[in-house]
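Working through the structure, step by step
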Amino acid sequence: MDQQSCRQLLAWLSEYVDGELETKLCAEIDRHLMECENCRIVIDSLEKTIYLYQSVSQRDEVPTEVRERLFQRLKLDEFFEE
Amino acid sequence: MSDRKPKEAFSLELLRSGERAEFARLVETYYEMIYRLALKMLNDPQDAEDILQETFTKAYQHIQNFDGRAELSTWLYRIATNEALMHLRRKRPQTFSIESPDYADETAQEPHQILDWRSLPEEELMSAEARTHMDAAIQNLPSSLRVVFVLRDIQGLSTREVGEVLDLTETAVKTRLSRARLRLRAELSSYYSERLEAGRR
């Protein structure tokens, strides 16, 4: 893999960051990354993108009223606990 | 990290017999993950609440049809996802696509100069403005890509489970996930690179 293969790398990036690529292809990408700073940045920022989405989503609180109205709608009021 | 809750054992027998306490336990265990899924898919709290209520109403009505081969959570995801996609189809028929998504060439969005924006401080990466931009980027994805990204990366389902929820092969899930991630990365890179350059000026 050489510098011209950067675009080709994009097709494998997602599986690469998930650790799901076959060993041989992984090693080939690792070699490319040692020489190509741009691809390293793309991979690192892809991982960061996934991390950011996971992090901010964890902060999404479900309002108590939403839970309360759900139990009411399902006629499960007697099981609703604050 | 994921939105997934630990597996809990439920009695299918009790659920099928209409045992309300067991169903209440099911609701209590999974309502948050279903609400967050709907919120990420639709980006509207009221719509997300409607999907949440509809999902558990249908689950209660159709629990007899659940054969127990899949996880209950997978079955609930399937109901919620279908409801959310139907909602999108009704609301935005002109942009809805599940079977033949409009895949743009992600590489075309790549700037010539690739900036490493990861050095931005965490509070800037997760500022209110940044979060609005992140939400908008997800909403800009075709629904066929958005649903895969939300289920796999935000809800934490495995590739196989996403395939089960959406009736897709694992290869199709991986392809859609890759396209979704690359598009979001490009969108975020564009936004954060501007912030980075503004900080340098």
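Sequence order sets the numbering: in each chain, residues are counted from 1 along the sequence as written. Just so you know, chain letters begin at A and ligand numbers begin at 1, following the order they were written in. This being a predicted model, a pLDDT of at least 70 is required before a residue's local features are given, and a value of 80 or more before pairs of side-chain atoms are given or counted; all residues contribute to the totals for chains, interfaces and linings.

1. A look at the overall build of chain B
Condition: Numbering goes from the N terminus for both helices and strands, where a helix is a DSSP run of H or I of at least four residues and a strand is a run of E of at least two. With C-beta atoms placed from the backbone, a residue counts as buried when 20 or more other C-beta atoms lie within 10 Å of its own, as exposed when 12 or fewer do, and as partly exposed for counts between those limits.
A tally of regular secondary structure across chain B gives 9 helices and 0 strands. Each helix and strand of chain B, ordered N terminal to C terminal, gives the series α-α-α-α-α-α-α-α-α. Within chain B, buried positions represent 41% of all 201 residues.

2. Considerations on unusual backbone geometry
Look at Lys75(A): it is not a glycine, yet its phi comes out positive at around 55°. One can find Lys75(A) in the segment after α4 (64–73). Judged by the 10 C-beta atoms lying within 10 Å of it, Lys75(A) falls in the exposed class. A positive phi angle is found at Asp167(B), which is not glycine, with a value near 60°. Tracing the backbone shows Asp167(B) in the loop between α8 (159–166) and α9 (170–200). For Asp167(B), a count of 8 C-beta atoms within 10 Å corresponds to the exposed category.

3. Overview of helix α2 (residues 20–42) of chain B
For clarity, the threshold we go by: A residue's bend is simply the angle between two axes: one fitted to the seven residues ending at it, one to the seven starting at it.
Along α2(B), the sharpest change in direction is near 50° and occurs at Tyr30(B). Immediately beyond the C-terminal end of α2(B), within one or two residues, lies Asn43(B), with a positive phi of roughly 55°.

4. Description of the confidence of the model for chain B
Residue and element names in this part refer to chain B. Note the threshold: Per-residue confidence from the predictor is given as pLDDT, running between 0 and 100. Contact between two residues is assigned when their C-beta atoms, built from the backbone, lie within 7 Å.
Confidence along chain B averages 87 in pLDDT terms, with 86% of residues attaining 70 or more. Counted against residues more than four places away or in other chains, residues 98–109, with its pLDDT under 50, gives 17 contacts. Two summary scores accompany this predicted model of the complex, namely pTM at 0.88 and ipTM at 0.90.

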